[in-house]
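Chain by chain, the residues:
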Amino acid sequence: MQLTRLLHIQNPIIQGAMARISTPVLVAAVSNAGGLGVLTTATSTAQSLQADLKAIRASTRKPFGVNLMLQQNNINDLLPVLLADPVPAVFTSAGNPAPFLQNLLNVGTTVIPVIPNVEIAKKMADLGANAVVAEGAESGGHIGTETTMSLVPQVVDAVNIPVIAGGGIGTSAGVKAAFALGAAGVQVGTAFLVAEETPVDQNYKQLVIQASDTGTVVTGTGANRVRSLKTPLTEKLLATTDSKLFQQLSTGSLQRAIDGDTERGSFMAGQIAGAIHEIRPVKAIIAELAKGVPSIIEYLY
Ligand SMILES: Cc1cc2nc3c(=O)[nH]c(=O)nc-3n(C[C@H](O)[C@H](O)[C@H](O)COP(=O)(O)O)c2cc1C
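Residues numbered from 1 in each chain as written. Predicted model: local features only at pLDDT ≥ 70, side-chain atom pairs only at ≥ 80, totals over all residues. Heavy atoms only, no water.

Student: So, the sheet that holds strand 7 (residues 141-142): which residues are in play, and what are the values?
Tutor: Read across the sheet, three strands follow the order 7-11-10 without closing on themselves; strand pairing throughout is antiparallel. Taken across any chain shown, the strands that pair with only one partner, and hence form the sheet edges, are strand 7 and strand 10 (216-219). Here four bridges tie strand 10 to strand 11 (residues 226-229), and the two strands are oriented antiparallel to one another. For Thr-219, the partnering residue across the bridge sits in strand 11 and is Val-226. Set on the sheet, helix 11 (residues 232-239) makes contact with strand 10 and strand 11; between it and strand 10 the angle comes to about 40°. (Pairing = 2+ DSSP bridges. Helix = DSSP H or I, 4+ residues; strand = E, 2+ residues; numbered from the N terminus. Contact = heavy atoms within 4.5 Å. Axes fitted to C-alpha atoms, helices over the stretch in contact; angles between N-to-C directions.)

Here you go:
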């Protein structure tokens, strides 16, 4: 099934959730522009989630999504809100949504887990997920180990639900490539970091724009591998073997980046940052990405 039909959106372009960043303003801007905005719940309480849902619905009549990043310790507070007041789509990440996936489906929510490999993709399809996001390690934020180019076609082969490609896609050529690999849509994070509507300090946007192809690094290990722009903080993180110091330097570092602290902030961003050159409205970013979506005729032949 086409992703546009599954999610009732104009363009098969998802704005991937970004912790502390994809707040209602960005979500509504993306959905109003014909993509699907996805709300972060990284710092949400039940009350603030209710308020965010209200704010989004006041700003757009289009569908939107909500992210549940399963490393968060507030999931049990947020789930009842999403079951009582169902949203069009929930994107789960960094964990197993099995305990509540069916409950979300039962209230009519489309459930789309973000997955890092074929084995987990198959598990999610067996559980009844409506689609998956196959996210490669090019992406910004927490990452898996496989690359988008090799992961997407293998996931497409392995499951019978739509596969959304994520990681390293920020241009119309990238979107075209994702469809050539068999994807039904794309999830984009880094390119939206520099949207006019994105609520981060100008320093964050400028660092993304100034980044080159080799401008990001991965810090941390295992489930805590994080890709960010090379900064004084990442140099310190890479230099230390002291896990306590690593923790100290990391705690609160994304918020410091959002506030523009170039010394102590963790400016999460993906490798595609090198291809992103200007601050533009969300509408212009979506219009550019949409140029890479094949027409229905190309789909058929
Ligand atoms: C600053 C930042 C924060 C992110 N936070 C989250 C998050 O909270 N939950 C999540 O599922 N993915 C998160 N991601 C991943 C994005 O949703 C998306 O899948 C990814 O950015 C796609 O790759 P790209 O950065 O190459 O476009 C984040 C990415 C960035 C850049």
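Student: Residues and numbers for the site of the ligand, please.
Tutor: With respect to spatial proximity, 20 residues lie near the ligand, and among them Ala-17, Ser-93, Glu-135, Gly-168 and Thr-190 are the closest. Take Glu-135: an N or O atom from its side chain is 2.5 Å from an oxygen atom of the ligand. Within the backbone of Gly-140, one N or O atom sits 3.1 Å away from an oxygen atom of the ligand. In the complex, 96% of the free accessible area of the ligand, which totals 600 Å², lies under the protein chains. Every element with two or more residues in the shell around the ligand is listed here: strand 3 (65-69) and strand 9 (185-188). When its residues are assigned to classes, the shell around the ligand shows nine nonpolar, 10 polar and one charged. (Near = heavy atom within 4 Å. Polar contact = N/O pair within 3.5 Å; in protein donor to acceptor, adjacent residues only side chain to side chain. Areas by Shrake-Rupley, 256 points an atom, 1.4 Å probe, with all protein chains shown as cover. Nonpolar A, V, L, I, M, F, W, Y, C, P; charged D, E, K, R; others polar.)

Student: Got a sec to walk through the packing of helix 11 against helix 12 (residues 243-250)? Specific residues and values, please.
Tutor: Interaxial distance between helix 11 and helix 12 falls to 9 Å at its minimum, and their mutual angle equals 165°. Judged on the interaxial angle alone, helix 12 and helix 11 are roughly antiparallel. Note that helix 11 runs across helix 12; the crossing there is left-handed. Across the interface between the two elements, Leu-233, Lys-236 and Leu-237 of helix 11 pack against Phe-246, Leu-249 and Ser-250 of helix 12. (Parallel < 35°, antiparallel > 145°, perpendicular 65-115°, else oblique. Left-handed = near helix turned anticlockwise from the far one by under 90°.)

Student: I'd like to hear about the packing of aromatic side chains, residue by residue, with values.
Tutor: Applying the stated criterion across every chain yields a total of one aromatic pair. Arranged with centres 5.0 Å apart and planes meeting at 80°, the rings of Tyr-204 and Phe-267 form a pair that is edge-to-face. Within this pair, whereas Tyr-204 is found in helix 10 (residues 202-210), its partner Phe-267 is found in the loop between helix 13 (253-258) and helix 14 (282-290), the two being separated by 63 residues in sequence. On the accessibility criterion, Phe-267 (0% relative accessible area) is buried. (Phe/Tyr/Trp six-rings, centres within 6.5 Å; stacked < 30°, edge-to-face > 60°. Buried < 20%, exposed > 50% of the residue type's maximum accessible area, 1.4 Å probe, protein only.)

Student: A description of the domain arrangement of the protein should follow, citing residues and the corresponding values.
Tutor: Per the domain assignment, the segments making up the protein are domain 1 (3-198 + 275-300) and domain 2 (202-273). In this structure, domain 1 and domain 2 have C-alpha centres spaced 23 Å apart. On the side of domain 2, 21 residues touch domain 1, which itself brings 27 residues to the contact. Summed over both sides, the interface between domain 1 and domain 2 buries roughly 2000 Å², with carbon and sulfur atoms accounting for 61% of that surface. Counting the contacts that link domain 1 with domain 2 gives zero salt bridges. Our enumeration of links across domain 1 and domain 2 arrives at 15 residue pairs in polar contact (both at pLDDT 80 or more). At the level of elements, strand 7 and helix 9 (190-193) are the ones that each hand at least two residues to the side of domain 1 that touches domain 2. Grouping the amino acids of the side of domain 1 that touches domain 2 by side-chain chemistry returns 11 nonpolar, 12 polar and four charged. (Domains from an automatic or database assignment. Buried area = accessible area lost by both parts, 1.4 Å probe. Salt bridge = Lys/Arg side-chain N within 4 Å of Asp/Glu carboxyl O.)

Student: Give a description of the side chain of Thr-234 that names residues and reports values.
Tutor: Along the chain, Thr-234 falls in helix 11. A relative accessible area of 3% means that Thr-234 is categorised as buried. At a separation of 2.9 Å, a polar atom in the side chain of Thr-234 contacts the main-chain amide nitrogen of Thr-231. Discounting residues that sit within four places of it in the chain, Thr-234 has contacts with Val-217, Thr-219, Ser-228 and Leu-229.

Student: I'd like a description of the nonpolar core, backed by residues and values.
Tutor: Nonpolar side chains in soluble globular proteins tend to be buried together. Of all hydrophobic cores here, the largest spans 72 residues; its most connected members are Phe-192 and Tyr-204. Mapping this core onto the domain boundaries places at least three of its residues in each of domain 1 (3-198 + 275-300) and domain 2 (202-273). Not counting residues within four places of it along the chain, the set of residues in contact with Tyr-204 comprises Ile-21, Leu-193, Leu-254, Ala-257, Ile-258, Ser-266, Phe-267 and Met-268. Among the nonpolar cores identified, the runner-up in size contains 15 residues, and Ile-9, Ile-14, Phe-91 and Ala-131 belong to it. (Core = buried A, V, L, I, M, F, W, Y, C linked by side-chain atoms within 4.5 Å.)

Student: How would you summarise the packing of helix 3 (residues 46-59) against helix 4 (residues 75-84) if you had to cite specific residues and measurements?
Tutor: Viewed as axis vectors pointing N to C, helix 3 and helix 4 meet at an angle of 40°, and their least axial separation amounts to 9 Å. Two packed elements cross with a definite hand, and for helix 3 against helix 4 that hand is right-handed. Here Ala-46, Leu-49, Gln-50 and Leu-53 of helix 3 come into contact with helix 4, specifically with Asp-77, Leu-78, Val-81 and Leu-82. Residues that form the contact of helix 3 with helix 4 fall into these classes: six nonpolar, one polar and one charged.

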